[in-house]
Amino acid sequence: MTSTTASWESTRSDILRKALSIGVAVAIYGVSFGALGSTTGLSVPQTQALSLLMFTGASQFALVSTIASGGTALTAIAASWLLGTRNAAYSLRMSPVLKVTGARKLLASHLTIDESTAMGLAQDEKLFEGNASRLAFWSTGLSVFVLWNVATFIGAITVKAIGDPKALGLDAAIAAGLFALVWPQIKGRHTLTAAIGGALIALLLTPVLPAGIPVLASAVVAIVIGWSWSKQVDV
Amino acid sequence: MWFTVLAGALGCYALKYVGAAIPESFLENPLVKRIVMLLPVSLLCALVAVQTFAADGSLTIDARVPAVGVASLVLWRKGSFILVVLSAAGTAGLLRHFGLAS
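Because the structure is a prediction, the values reported are computed rather than measured. (Residues numbered from 1 in each chain as written. Chains lettered and ligands numbered in written order. Predicted model: local features only at pLDDT ≥ 70, side-chain atom pairs only at ≥ 80, totals over all residues. Heavy atoms only, no water.)

Q: What is the right way to look at the layout of surface pockets in this model?
A: Rolled over the atoms, a probe with the dimensions of a water molecule shows which regions are left empty. All names here are of chain A. Space inside the largest pocket adds up to approximately 1,400 Å³. Broken down by element, the lining of the largest pocket gets its largest block of residues, 5 residues, from helix H3 (residues 57–68). Of the residues belonging to the lining of the largest pocket, the class tally is 28 nonpolar, 9 polar and 8 charged. Two domains each provide a minimum of three residues to the lining of the largest pocket, namely domain 1 (9–166) and domain 2 (186–235). (1 Å grid on protein atoms, 1.4 Å probe; cavity = no way out; pocket = protein on both sides within 12 Å on 5 of 7 lines; lining within 4 Å. Points joined across faces, edges and corners; volume = space filled by probe spheres on them. Helix = DSSP H or I, 4+ residues; strand = E, 2+ residues; numbered from the N terminus. Nonpolar A, V, L, I, M, F, W, Y, C, P; charged D, E, K, R; others polar. Domains from an automatic or database assignment.)

This is how it looks when you write it as structure tokens:
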């Protein structure tokens, strides 16, 4: 982990190395997405448009899978929106960290996804006056955006995935990577409860609710803890 | 199909933007601030849990569970980020390669 005594140069290269490796891991899924998209009735430009304009992997897979399973346009759109809802919480959380306005705000919003948010929050917010958090967010967002789109294109035109992401263990790698990024954010009773409670709620609801809702429902845990925590402080 | 693609993308962008568009003064409320600070922790941990245990709408124990377990151990022993990720990929990849887990 980055200590406060580390120089900006070493902090910066550490962040950029992580950002690149996250981009590479996610890109293998981008190839799968491209291949899936162009084999389920979407043209190459349409598949690419999803990676360029929607740019939030879970929503993209949800939209394409809904179409593949014979769902209507409206259910496909709704599925993508549902999976994209957690990004609203991310951008709300990142806004005081990023401190951007105008065109940069529009761009930052577009780059707000699981990976960029987790990387941005994994850094100490006070480190280098917030520059470490900001660099982590932007570099991860851009790294994933570029590599995800290149990968989508490769998958869409070759119509086959380069290797099976699961055979390479990438599904586990992405889960572990995100966990490593959440880890430094868990410091103290409240964040620990938010972490464990959120995970348990999502797992309990997984067998009974459609994909996407269980993760979203974990927000309730954060709200309840935030609520009871503030009451304790008020007393 | 273009309608589906563009309407989906527009909605997803709007969701990303809405959080950033909320004025910062809203976050000055201590209750709101605490909740907003905790939200990504709950959401991301929920995501990690689902990515580790969920498959096609049910809970399952496959190669991902030992893989994330090994990665957690590396994390606990203060291994680097790359080592955490590679240990998870390696564990899951090897277990599947030798047919020890799905």
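Past the structure itself, the notes keep going.
Q: What is the right way to look at a nonpolar patch on the surface in this model?
A: A contiguous nonpolar patch, built from Leu52 and Leu53 of chain A together with Trp2 and Leu6 of chain B and spanning about 360 Å² of accessible area, is present on the exposed surface. Of all elements in the fold, only helix H2 (44–54) of chain A together with helix H1 (2–21) of chain B reach the threshold of two or more residues within the nonpolar patch. Structurally, the position occupied by Leu53 of chain A is in helix H2. Residue Leu53 of chain A is classed as partly exposed on the basis of its relative accessible area, which comes to 41%. (Patch = residues over 30% accessible without salt bridge, like charges linked within 9 Å, V, L, I, M, F, W, Y side chains within 5 Å. Areas by Shrake-Rupley, 256 points an atom, 1.4 Å probe, with all protein chains shown as cover. Salt bridge = Lys/Arg side-chain N within 4 Å of Asp/Glu carboxyl O. Buried < 20%, exposed > 50% of the residue type's maximum accessible area, 1.4 Å probe, protein only.)

Q: Just checking my understanding: could you explain the interface of chain B and chain A for this structure?
A: At the interface, 62 residues of chain B touch 84 residues of chain A. Roughly 6,400 Å² is buried in total at the junction of chain B and chain A, and carbon and sulfur atoms are behind 78% of that figure. Its largest share of buried area at the contact with chain A, chain B owes to Lys16, Leu43 and Phe81 of chain B, together 12% of the area lost on that side. Inspection of the region where chain B meets chain A yields 1 salt bridge. Our count for the chain B to chain A interface comes out at 14 residue pairs in polar contact (both at pLDDT 80 or more). Looking at the side of chain B that touches chain A, the elements with two or more residues in it are H1, helix H2 (30–53), strand S2 (58–59), helix H3 (64–76) and helix H4 (81–97) of chain B. In terms of residue count, the dominant contributor to the side of chain B that touches chain A is H2 of chain B (21 residues). Along the lines of polarity and charge, the residues of the side of chain B that touches chain A split into 46 nonpolar, 11 polar and 5 charged. (Contact = heavy atoms within 4.5 Å. Buried area = accessible area lost by both parts, 1.4 Å probe. Polar contact = N/O pair within 3.5 Å; in protein donor to acceptor, adjacent residues only side chain to side chain.)

Q: Honestly, H2 of chain A in this entry has me stumped. Any pointers?
A: Because an α-helix packs 3.6 residues into every turn, residues spaced three or four apart end up facing the same way. For H2 of chain A, the complete set of buried residues consists of Gln46, Thr47, Gln48, Ala49, Leu50, Ser51 and Met54 of chain A. Of the residues flanking the end of H2 of chain A, it is Phe55 of chain A, one or two places downstream, whose phi is positive at about 40°.

Q: Any chance you could explain H4 of chain B here in plain terms?
A: Its 17 residues place the ends of H4 of chain B 24 Å apart at the C-alpha level, agreeing with the 24 Å of an ideal helix rising 1.5 Å per residue. Considered for burial, the residues of H4 of chain B that qualify are Phe81, Val84, Val85, Ser87, Ala88, Ala89, Thr91, Ala92, Gly93, Leu95 and Arg96 of chain B. Among the structural elements, helix H1 (8–39) and helix H9 (170–182) of chain A together with H3 of chain B are those in contact with the buried residues of H4 of chain B. (Expected span 1.5 Å × (residues − 1).)

In short, geometric facts, not functional conclusions.
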